[in-house]
Amino acid sequence: MDIAIVGGGAAAVGLLDALAGTEGNAAGGGTGTITVFEPSPHLWRGRPYGPDLDAVLVNTPPALMSVRGGDFGHFAAWLGERGAEHIDPLLGQPLVPRALYGEYLVHTAEKAVAALGEQGRPVRVVAARVTDIAARSGPRPVLRTDDGQEYRADRVALCVGGGTSPDPYGLAGQAGFTADPYPLAGTLDRIAAGDDVAVVGSGLTAVDVVVALAAHGYPGRITLLSRSGVLPYVWQRPNGRRPNHVTVERVAALHRARGHLALDDLVGLLRMELADTGENFDDLAAQLRDTRTDDPVQRLRRQLAAVDDPRVGRRVVQETAHSVGPYAWHLLRESDRAWLRRHLRTVTSVASPMVPVNASVLMRLLDSGQLTVSSGIEAIEPVNGRFRVHTAEGRHTAHVVVNAVNASAQAIPDLARPLVRSLTANGLATLHPSGGLLPADPRVHVVGDLSGGSFITSSIAGVATQATRTAAALRTPGPSAAG
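Residues numbered from 1 in each chain as written. Predicted model: local features only at pLDDT ≥ 70, side-chain atom pairs only at ≥ 80, totals over all residues. Heavy atoms only, no water.

### Here's the deal with the overall build of the protein
When helices and strands are tallied, the protein shows 16 helices and 20 strands. At 23 Å, the protein has a C-alpha radius of gyration in line with the 23 Å of a compact globule built from 483 residues. Structurally, the protein occupies a C-alpha span of about 65 × 55 × 50 Å along its principal axes. Put simply, the protein has 483 residues, and 54% of those count as buried. Of the contacts made within the protein by residues no fewer than 6 positions apart, 74% connect residues no fewer than 24 positions apart. (Helix = DSSP H or I, 4+ residues; strand = E, 2+ residues; numbered from the N terminus. Rg over C-alpha atoms; globule rule 2.2 N^0.38 Å. Buried < 20%, exposed > 50% of the residue type's maximum accessible area, 1.4 Å probe, protein only. Contact = heavy atoms within 4.5 Å.)

Laid out in structure tokens, this is it:
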């Protein structure tokens, strides 16, 4: 069976690693070629983990950065003694620069490629972008690349990464506007010491921008602008406990027993999880409900002080949002999915928290007055070489605007749009009403954020889980369920 993997970032690495494991354990092994299509010079790293400033850190503890599904120690084992150089003293865990994490992805991919080769599954890389996939005569889809070449495969896995950040205020092309802050080294080179900087967004990308400015001793005013003014939650120190009730297995059992899954079922599992440690679910629920109304600075201060809090509630929610959430989402009733969409900003802030070392930087800048958080952004307009910012709190002027608005979950990357159009036109996939792509043919699989109908942006833990399931499907002879 020949497999085509479209995209060569973290999702592809997780899939290759899982394929190396499943093929190695499969009776009789396998044959056929695996072809990876990736035009970027940052093979295996993808956009997020290419070369950048050392101050730009991964935003998640090591256990949830393992690209090997089910093996929470894989990344930490690779990091080894180097982890001691990058300890976040509040988290008690190593938090490495993203570029170093990129080295882990490269190492894992190269090991998987070597293992697959030994199993009779050679992997080749084609440095071209796939623009069209068609199911022409015969059982093997045909992939066409932007250089006019054609390739055939028995199965196709789409690993094209996340969407392109939107430009909500139409500032593209304006001097002083940065549409995409990464790599941050280049963004900082365009900011003068006396500039007032407006950062559009208040999520993890905005946090990265602020931390990078602080690391380079930037002395000017920084304003985080967003509609909600909600900052990400703060990771708590991991306690090594894995969920016993909020698991894919328990969710699947509930669905089989009842024929449906309700949000109340997930809440019931979480209640049991907290009851095991003597905690009250209602206390956690009240904390989550207050996310949109709390003062963001005071909430940040409280959460920094609670990094060592022994209660497991937030820890469980943050881990299972990515490891169980994508699976449960597809089983939920539409009314429950609609309720969660209405609370997307709260869910995102909880499920994608910032690391304590970055939270400490923000707290210091907020206390000094150098950094402010402004909610109710209404418009930004270029005026005489600067930018006039309108918010519900008034208006002010900025010299520089950095766009840190994250693409919505399951948004289609701009460079993948021709490919997606071909898949839908040829009946191989359909667009999900709430974003992303759903395979309509058992020969097509999706791994990563393009996987249609999910809810929040895929994390490494979520991608690794998807990759494991997809690898198992890819080694199944004949028609199989799409990944």
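From this point, the narrative continues.
### Side note on the pairing of strand β15 (residues 386–391)
Strand direction decides the pairing type here: strand β14 (residues 377–383) and β15, joined by six bridges, are antiparallel. Looking at β15, one finds that Ala-379 is bridged to His-390. Counted along the chain from β14 to the antiparallel partner β15, the turn is two residues long, and its residue Asn-384 has a positive phi close to 50°. Pairing of β15 with strand β16 (residues 394–398) involves five bridges; the strand directions are antiparallel. By the bridge assignment for β16, Thr-391 is matched with Gly-394. Between β15 and β16, which pair antiparallel and follow one another directly, the connecting turn spans two residues. (Pairing = 2+ DSSP bridges.)

### Here's the deal with the side chain of Arg-299
As for its placement among the helices and strands, Arg-299 is situated in helix α9 (residues 296–305). Comment: no salt bridge for buried Arg-299; closest opposite-charge side chain is Asp-294, at 4.4 Å. Ignoring sequence-local partners within four residues, the contact set of Arg-299 consists of Val-230, Leu-231, Tyr-233, Thr-291 and Asp-294. (Lys, Arg positive; Asp, Glu negative; His and termini not counted. Salt bridge = Lys/Arg side-chain N within 4 Å of Asp/Glu carboxyl O.)

### Observations regarding the side chain of Thr-178
Counting through the fold element by element, Thr-178 comes out in strand β10 (residues 177–178). Taking the relative accessible area as the measure of exposure, Thr-178 reaches 6% and is therefore buried. With near-sequence residues (within four places) excluded, Thr-178 lies in contact with Thr-187, Arg-190, Val-401, Val-402 and Asn-403.

### Things to note about the sheet that holds strand β9 (residues 155–158)
Strand pairs in the sheet, formed through backbone hydrogen bonds, run parallel or antiparallel to each other. Spatial ordering of the open sheet is given by β5-β2-β1-β9-β20, a layout of five strands whose pairing is parallel. Unpaired on one side and paired on the other, β5 (123–126) and β20 (444–446) mark the two borders of the sheet. Here the strands of the sheet are splayed against their neighbours by 20° on average, with no regard to which way each runs. Bridge analysis of strand β1 (residues 3–6) against strand β2 (residues 34–37) gives four bridges, and the strand direction is parallel. Among the inter-strand pairings, Ile-5 is bridged to a residue of β2, identified as Val-36. (Axes fitted to C-alpha atoms, helices over the stretch in contact; angles between N-to-C directions.)

### Describing the pattern of salt bridges
As enumerated under the stated definition, the model contains 21 salt bridges in all. Across the pair Arg-221 and Asp-196 runs a salt bridge, and its minimum N-O distance is 3.3 Å. With a gap of 25 residues between them, Arg-221 in the loop between α5 (204–215) and β12 (222–225) and Asp-196 in the loop between α4 (184–189) and β11 (197–200) connect regions that are remote in the sequence. Take Arg-221: its relative accessible area is 35%, and that puts it in the partly exposed class. Two residues, Arg-337 and Glu-334, come together in a salt bridge whose shortest N-O distance is 2.9 Å. Taken together, the residues span about one helical turn, with Arg-337 and Glu-334 both in helix α12 (residues 334–342) at a distance of three residues.

### Here we look at α9
Taken together, the buried positions of α9 are occupied by Pro-296, Val-297, Arg-299, Leu-300, Gln-303 and Leu-304. Considered in projection along α9, the buried side chains sweep an arc of 160° and stay on one side of the axis. With a side-chain oxygen lying 3.0 Å from the backbone nitrogen of Val-297, the N-terminal cap of α9 falls on Asp-295. (Arc of directions from axis to C-beta. Polar contact = N/O pair within 3.5 Å; in protein donor to acceptor, adjacent residues only side chain to side chain.)

### Observations regarding the packing of aromatic side chains
Counted according to the given criterion, the structure contains seven aromatic pairs. Taking the centre distance of 6.2 Å and the plane angle of 20° together, the rings of Phe-75 and Trp-78 count as stacked. Here Trp-78 and Phe-75 lie together in helix α2 (residues 74–79), a separation of three residues that amounts to about one turn. Its relative accessible area of 17% is what places Trp-78 among the buried residues. Considering the side-chain rings of Phe-75 and Tyr-101, the 5.1 Å spacing of their centres and the 75° angle between planes classify their relative orientation as edge-to-face. Pair noted here: Phe-75 is in helix α2 and Tyr-101 is in helix α3 (residues 98–118), with a separation of 26 residues, a long-range link. Sitting over the face of the ring of Phe-72, Arg-242 holds its NZ or CZ atom 4.2 Å from the ring centroid. (Phe/Tyr/Trp six-rings, centres within 6.5 Å; stacked < 30°, edge-to-face > 60°. Lys NZ or Arg CZ within 6 Å of the ring centre and 35° of its normal.)

### Regarding unusual backbone geometry
In the segment running from Tyr-182 into Pro-183, the intervening peptide bond is cis, with an omega of -5°. Checked against the element boundaries, Pro-183 lands in the loop between β10 and α4. For Asn-384, which is not glycine, the phi dihedral falls at a positive 50°. Relative to the assigned elements, Asn-384 resides in the loop between β14 and β15.

### Observations concerning helix α14 (residues 356–368)
Across its 13 residues, α14 extends 18 Å between first and last C-alpha, which sits within 8% of the 18 Å expected from 1.5 Å per residue. Considered for burial, the residues of α14 that qualify are Pro-356, Asn-358, Ala-359, Val-361, Leu-362, Met-363, Leu-365 and Leu-366. Where α14 is buried, its residues touch β3 (87–88), α5, α9 and β13 (371–374). Just beyond α14, the residue with positive phi is Gly-369, at close to 90°. (Expected span 1.5 Å × (residues − 1).)

### Quick word on the packing of helix α6 (residues 248–258) against helix α7 (residues 263–275)
Running from N to C, α6 and α7 cross one another at 135°; their axes reach a closest spacing of 11 Å. Here α6 is positioned oblique relative to α7, judged by the angle of their axes. In terms of crossing hand, the pair formed by α6 and α7 is right-handed. Contact residues: α6 offers Arg-250, Val-251, Leu-254 and Arg-258, while α7 offers Asp-265, Leu-266, Leu-269 and Met-272. Split by residue class, the contact of α6 with α7 holds five nonpolar, no polar and three charged. (Parallel < 35°, antiparallel > 145°, perpendicular 65-115°, else oblique. Left-handed = near helix turned anticlockwise from the far one by under 90°. Nonpolar A, V, L, I, M, F, W, Y, C, P; charged D, E, K, R; others polar.)

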